[in-house]
Amino acid sequence: NVEFADEEVSAPSSFGSDAEEAEQLRRMKEPAEDGCYYDDPLWYGKTIEEIRTATENAKIEGNAASREGDWRKANRYWKDALKGAEKTNDLE
């Protein structure tokens, strides 16, 4: 049997307050000084125009895969296209 002391133990937050955490998350979604985004592996190091191009290409590839009957591949491309579309709409 393990007995615990009657002391409350709390781990320190890596972000601090909720407001600080929200601000840090917001900043992560903005472009870095070089104009590139680093908040997702899909567009890591890409500019907004490169994200738009990649989004359009993913949509085209998904449509092509669906015509070939490869639904798993089509679904993957469409998910990437949706994610890119959501990202670019956030910025406009």
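Being a predicted model, the structure only gives us computed values, none of them experimental. (Residues numbered from 1 in each chain as written. Predicted model: local features only at pLDDT ≥ 70, side-chain atom pairs only at ≥ 80, totals over all residues. Heavy atoms only, no water.)

Caption draft 1: Highlighting the overall build of the protein chain. Looking only at helices and strands, the protein chain features three helices and zero strands. Mapped in sequence order, the helices and strands of the protein chain form the string α-α-α. Residue pairs at least 24 apart in sequence account for 34% of intrachain contacts in the protein chain once pairs closer than 6 positions are excluded. Accessible surface computed for the protein chain: about 7500 Å², of which carbon and sulfur atoms make up 50%. (Helix = DSSP H or I, 4+ residues; strand = E, 2+ residues; numbered from the N terminus. Contact = heavy atoms within 4.5 Å. Areas by Shrake-Rupley, 256 points an atom, 1.4 Å probe, with all protein chains shown as cover.)

Caption draft 2: Structural detail: the pattern of salt bridges. Going through the model one piece at a time under the given rule, you end up with five salt bridges. As a salt-bridge pair, Lys59 and Glu56 come within 3.6 Å of each other at their nearest N and O atoms. Of the two residues, Lys59 and Glu56 both sit in helix α2 (residues 48–67), three residues apart, roughly one turn of that helix. The salt bridge partner of Arg76 is Asp80, with a shortest N-O separation of 3.0 Å. (Salt bridge = Lys/Arg side-chain N within 4 Å of Asp/Glu carboxyl O.)

Caption draft 3: Seen up close, the environment of Thr47. Looking at the element boundaries, Thr47 is found in the loop between α1 (18–28) and α2. Expressed as a C-alpha distance, the spacing of Thr47 and Asp34, which sit 13 residues apart in the sequence, is 8.7 Å. Apart from residues no more than four positions distant in its own chain, Thr47 is found in contact with Gly35, Cys36 and Tyr37.

Caption draft 4: A look at the side chain of Thr55. Mapped onto the fold, Thr55 is located in helix α2. Non-local contacts of Thr55, meaning those with residues more than four positions away in its chain, are made with Ala81, Gly84 and Ala85.

Caption draft 5: Layout of the side chain of Lys87. By the secondary structure assignment, Lys87 is in helix α3 (residues 71–91). Side-chain polar atoms of Lys87 contact the backbone oxygen of Lys29, separated by 2.9 Å. A polar side-chain atom of Lys87 sits 3.1 Å from a polar atom in the side chain of Asp39. (Polar contact = N/O pair within 3.5 Å; in protein donor to acceptor, adjacent residues only side chain to side chain.)

Caption draft 6: Just α2, in detail. Here α2 spans 29 Å end to end across 20 residues, near enough to the 28 Å set by a 1.5 Å rise per residue. When α2 is considered as a whole, its buried residues turn out to be Ile51, Thr55, Ala58, Gly62, Ala65 and Ser66. For α2, the angular spread of the buried residues around the axis is 95°, confining them to a single face. Phi for Gly69, located one or two positions after α2, is positive at around 85°. (Expected span 1.5 Å × (residues − 1). Buried < 20%, exposed > 50% of the residue type's maximum accessible area, 1.4 Å probe, protein only. Arc of directions from axis to C-beta.)

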